Amino acid sequence: MIYLFSAALIAGIWFLQSQAWLPDLTGAATLVPLIALWRIATGAKGVPARAVAVLAATLTFAVAGFFWAAALAHWRLSDQLGENWQGRDVDIAGVVADMPQDVRHGKRFAMDISRVFTLGAELPERVSVTWYGSGDTAPTVRAGQQWRVTLRLHRPHGNSNPGGFDGEAWLLERGIRATGYVRNEPAPHLLSDMSWRGGYMVERLRETIRDELRSALGDRRHAGVIIALAIGDQRAIPADQWQVFTRTGVSHLLSVSGLHITMLAGLVFVLAWRLWRQSAWLMLRLPAVRAATLAGFFAAVAYAVLSGFAVPAQRTVYMLATVAAALWFGWIARRSAVLALAAALVVILQPMAVISAGFWLSFGAVAIILLAGGGRIQAASWALAWARTQWAVTLALIPFMLAMFQQISLMSPLANAFAIPVVSLIVVPLSIAGALLPWDPIAQLAHWVMSACMWPLEVLAALPGAVWQQHAPPPWAVPLALAGAVWMLLPRGFPARWAGAGFLLPLFLSTPDRPAEDEFWLSVLDVGQGLAAVVRTREHALVFDSGPTIAERIDAGSRIVAPYLRHVGVRQLDALVVSHGD
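Residues numbered from 1 in each chain as written. Predicted model: local features only at pLDDT ≥ 70, side-chain atom pairs only at ≥ 80, totals over all residues. Heavy atoms only, no water.

**Q** Please clarify how the overall build of the chain should be interpreted in this entry.
**A** Helices and strands together make up the secondary structure of the chain, namely 19 helices and 15 strands. For 582 residues, the compact-globule estimate of 2.2 N^0.38 gives 25 Å, and the C-alpha radius of gyration of the chain, at 26 Å, lies within 12% of that figure. Evaluated residue by residue, the chain yields a buried proportion of 44% over its 582 residues. Carbon and sulfur atoms make up 65% of the accessible area of the chain, which amounts to about 30,100 Å² in all. Here the chain holds 44 positive side-chain charges and 36 negative ones, and the gap between their average locations is 15 Å. (Helix = DSSP H or I, 4+ residues; strand = E, 2+ residues; numbered from the N terminus. Rg over C-alpha atoms; globule rule 2.2 N^0.38 Å. Buried < 20%, exposed > 50% of the residue type's maximum accessible area, 1.4 Å probe, protein only. Areas by Shrake-Rupley, 256 points an atom, 1.4 Å probe, with all protein chains shown as cover. Lys, Arg positive; Asp, Glu negative; His and termini not counted. Charge placed at Lys NZ, Arg CZ, Asp CG, Glu CD.)

**Q** How should the packing of aromatic side chains be read in this particular structure?
**A** Aromatic ring pairs: the centre-centre distance and the angle between the two ring planes describe each pair. If you walk through the whole model with that rule in mind, you get 13 aromatic pairs. Measuring from ring centre to ring centre gives 6.3 Å for Phe 309 and Tyr 318, while their planes differ by 90 degrees; the resulting arrangement is edge-to-face. The class for Phe 309 is partly exposed, based on a relative accessible area of 29%. Through a chain of ring-to-ring contacts, three or more aromatic side chains come together here, namely Phe 5, Trp 38 and Phe 61. (Phe/Tyr/Trp six-rings, centres within 6.5 Å; stacked < 30°, edge-to-face > 60°.)

**Q** What should I look at first to understand the sheet that holds strand 10 (residues 521-524) in this one?
**A** Backbone hydrogen bonds are what pair the strands of a sheet, in a parallel or an antiparallel way. Pairing in this open sheet of four strands is mixed, and the strands run 10-11-12-15 from one edge to the other. Since the sheet does not close on itself, it has two edges, and those belong to strand 10 and strand 15 (575-577), each with one partner. Along the sheet, successive strands turn relative to each other by an average axial angle of 15 degrees, direction set aside. Pairing of strand 10 with strand 11 (residues 533-536) involves four bridges; the strand directions are antiparallel. Considered in strand 11, the bridge of Trp 521 is made with Arg 536. (Pairing = 2+ DSSP bridges. Axes fitted to C-alpha atoms, helices over the stretch in contact; angles between N-to-C directions.)

**Q** Explain a nonpolar patch on the surface here, please?
**A** The grouping of Phe 520, Leu 522, Val 524, Leu 531, Phe 544 and Val 577 at the surface amounts to a nonpolar patch, some 530 Å² of accessible area in total. Under the relative-accessibility criterion, Leu 531 is labelled partly exposed at 36%. (Patch = residues over 30% accessible without salt bridge, like charges linked within 9 Å, V, L, I, M, F, W, Y side chains within 5 Å. Salt bridge = Lys/Arg side-chain N within 4 Å of Asp/Glu carboxyl O.)

**Q** Can you walk me through the pairing of strand 6 (residues 179-183) in this structure?
**A** Two elements, strand 4 (residues 126-132) and strand 6, share three bridges in a ladder whose sense is parallel. The residue of strand 6 that forms the bridge with Val 129 is Gly 180. With five bridges joining them, strand 5 (residues 146-154) and strand 6 adopt antiparallel strand pairing. Bridge assignment links His 154 to a residue of strand 6, and that residue is Thr 179.

**Q** What's the story with the nonpolar core in this structure? I'm lost.
**A** Note that soluble globular proteins tend to have their nonpolar side chains buried in a common cluster. Phe 245, Ile 261, Phe 359, Met 450 and Leu 457 are the most contacted members of the largest nonpolar core, which totals 78 residues. Considering each element in turn, this core owes the most residues, 10 residues, to helix 16 (residues 440-461). Grouped together as the second largest cluster of nonpolar side chains are 20 residues, Ile 113, Val 127, Val 129 and Val 141 included. (Core = buried A, V, L, I, M, F, W, Y, C linked by side-chain atoms within 4.5 Å.)

**Q** When you look at unusual backbone geometry in this model, what are you seeing that I'm missing?
**A** The phi angle of most residues is negative, glycine excepted, and most peptide bonds adopt the trans form. Omega for the peptide link from Glu 185 to Pro 186 comes to 0 degrees, which places this bond in the cis form. Within the secondary structure layout, Pro 186 lies in the loop between strand 6 and strand 7 (189-192). You will see that Gln 406, though not glycine, has its phi angle at about 60 degrees, which is positive. Accessibility expressed as a relative area gives 2% for Gln 406, which makes it buried.

**Q** When you look at the pattern of salt bridges in this model, what are you seeing that I'm missing?
**A** A side chain with one charge can pair with a side chain of the opposite charge if their charged atoms come near. In total, this model carries 18 salt bridges according to the counting rule given. With a closest N to O distance of 2.6 Å, Arg 126 and Asp 112 form a salt bridge. A residue pair is termed long-range when its members are at least 10 positions apart, and Arg 126 in strand 4 and Asp 112 in strand 3 (residues 106-116) qualify at 14 residues. Using a relative accessible area of 14% as the deciding quantity, one classes Asp 112 as buried. Of the charged contacts in the structure, one is a salt bridge between Arg 221 and Glu 458, with a shortest N-O distance of 3.8 Å. Here the residue Arg 221 occupies a position in the loop between helix 5 (198-217) and helix 6 (223-231), and Glu 458 occupies one in helix 16, the gap between them amounting to 237 residues. Among the charged side chains, a salt-bridge network with shared partners connects Arg 210, Asp 211, Asp 233 and Arg 235.

**Q** Quick question: what am I supposed to make of the packing of helix 15 (residues 412-436) against helix 16 here?
**A** Between two packed helices, the angle of one axis relative to the other and the distance separating the axes together describe the packing. Where helix 15 meets helix 16, the axes come as close as 8 Å, and the angle between the chain directions of the two elements is 165 degrees. With respect to their mutual orientation, helix 15 and helix 16 come out roughly antiparallel. For the pair helix 15 and helix 16, the sense of crossing is left-handed. Contacts between helix 15 and helix 16 involve Leu 414, Ala 415, Phe 418, Ala 419, Val 422, Val 423, Ile 426, Val 427, Leu 430, Ser 431, Ala 433 and Gly 434 from the former and Ile 442, Ala 443, Leu 445, Ala 446, Val 449, Met 450, Cys 453, Pro 456, Leu 457 and Leu 460 from the latter. Of the residues belonging to the contact of helix 15 with helix 16, the class tally is 20 nonpolar, two polar and no charged. (Parallel < 35°, antiparallel > 145°, perpendicular 65-115°, else oblique. Left-handed = near helix turned anticlockwise from the far one by under 90°. Contact = heavy atoms within 4.5 Å. Nonpolar A, V, L, I, M, F, W, Y, C, P; charged D, E, K, R; others polar.)

**Q** Would you take a moment to explain the environment of Pro 156 for this structure?
**A** Its location among the elements puts Pro 156 in the loop between strand 5 and helix 4 (167-173). With 13 residues separating them along the chain, Pro 156 and Ala 169 place their C-alpha atoms 9.4 Å apart. Filtering out sequence-adjacent residues up to four positions away, Pro 156 remains in contact with Glu 168, Leu 171, Ile 176, Arg 177 and Ala 178.

**Q** Explain helix 7 (residues 239-248) to me, please; I cannot follow it from the model alone.
**A** The α-helix advances 3.6 residues per turn, and as a result positions three or four apart in sequence lie on the same side. Taken together, the buried positions of helix 7 are occupied by Gln 241, Val 244, Phe 245 and Thr 248. Seen from one end, helix 7 has its buried residues packed into an arc of 95 degrees, which puts them on one side. Buried positions along helix 7 lie against helix 6, strand 8 (407-409), helix 15 and helix 16. Note on helix 7: the residue one or two positions beyond its end, Gly 249, has a positive phi of about 70 degrees. (Arc of directions from axis to C-beta.)

**Q** In this structure, what is going on with the environment of Asp 513? I would like to understand it.
**A** Structurally, Asp 513 is set in the loop between helix 18 (505-509) and strand 10. Look at Asp 513 and you get exposed, because its relative accessible area is 62%. Sequence separation of Asp 513 and Tyr 181 is 332 residues, and the distance between their C-alpha atoms is 43 Å. Asp 513 has contacts with Trp 521 and Arg 536, leaving out every residue within four places of it along the chain.

**Q** Would you explain the packing of helix 5 against helix 16 in this entry?
**A** Closest axis-to-axis distance for the helix 5/helix 16 pair is 9 Å, and the angle between their directions is 75 degrees. Taken together, helix 5 and helix 16 sit at an angle that is classed as roughly perpendicular. From helix 5, Leu 213, Ala 216 and Leu 217 reach across to helix 16, where they touch Asp 440, Ala 443, Gln 444 and His 447. Grouping the constituent residues of the contact of helix 5 with helix 16 by class yields four nonpolar, two polar and one charged.

Here is the structure:
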């Protein structure tokens, strides 16, 4: 039942996140009769009573998930910038809450407001600010520092376009409830160089490691990749390298994923187990398996926290925690049950995780590996098992990838076949060692191996048919295709497994809506300052202006216009009009 109840909980939370309006919490009273019905039916005998008990329990978890997410959303939204304080100067003391990032003409970072000196100011707890300055006026700011500064803030605003990135949801998920910049007059004043709290100390450590790796690697081309694998900071990876990773389907390797964390935990487990067994005194006080379990788990937690503790890292830590408990107490834990518990725990702690692609791709990939591996992958040779795993994950993630990104990499199975072992078994350990040990050649060796791996990836990415792109499939086609993929991956012996391929066809055969012969459709995209308009007839498409430059190496054309065109099924433009030089 754990699978059903976890699915119900996740479904309830997802349903809340998909609503246009946030409901009040009075509806949570429906939990009382549902729980009462569940208890009464559980105590009764007979098949109908058991069916009623299961149905009542499932509805209880779904409703509880819905109103739990609603309660947290109400709490998060209540922490906001007062309407009358938008665009006004406020004098505050705050702590730099994460690693400052270099932006054009300054640095950007999250700040936790610890004290407000401006009387009557209504400010949220966490804001995102930019501190402008270059050359001699460039700010010297580090994670964990406490400053007294004057801020000018606004409520969060993000572009809203079909198929595009939802900036407001991204800020809300991270608890950032206002954005703005630091005023240089009056001059900011450093109150303390370090605030001794756990989160701030971790961010200072991450920043120190990032700076040391930058110093060790200099301006080497793939330095950003090594930093991303060591501490999870992907913002230094150039756009052209991201394109290579996307076109070859290996982008998941650039995040500190479950594969990397599990590999490190397993390595520490084996080392600790072997070393512990060398001492009879230690063995008499604690069995080697328990000692190794503790060492492996804490190594996984440390790496996950150092990487920023994103959803894939959370999933892995919660799964490893369940496995560690099973090893410690001698339980027999089914892997699928561990996965279900981890998914439930992630959405309880972070309800907005269900709207992130990382949640579905991370848990979906592991679930498919468990399904395809049941009794087959383990029994096969390692080469055949590896090929089957790659095939299973690629097939099952097609519906997710087309629904979320409208593209899939056709080179993914081949690219992952060599990139996963090279990155996970060589580059990641070297990157971690280079981050922790004061010897630059280790990080430089990691960079050399990554550079060697990039060459075949760049060759594959340059092939004309490396990526399949299309319009967003209709919503009903996605679960249908997922069911077909699961059917195709069932163990040998299930009848007509080939028929599952038919359920994938609507993903590709459905056609996007198009204007009639005697009409045109005009779409004006939200690009902030400036304009980007798309005019479509039945057979042609025109773009009038492509929006402004957003930041260095980032523009509205690539971030907003192109994803929208892909989302609505425009594969080729017939005209592009640029009205002015901005």
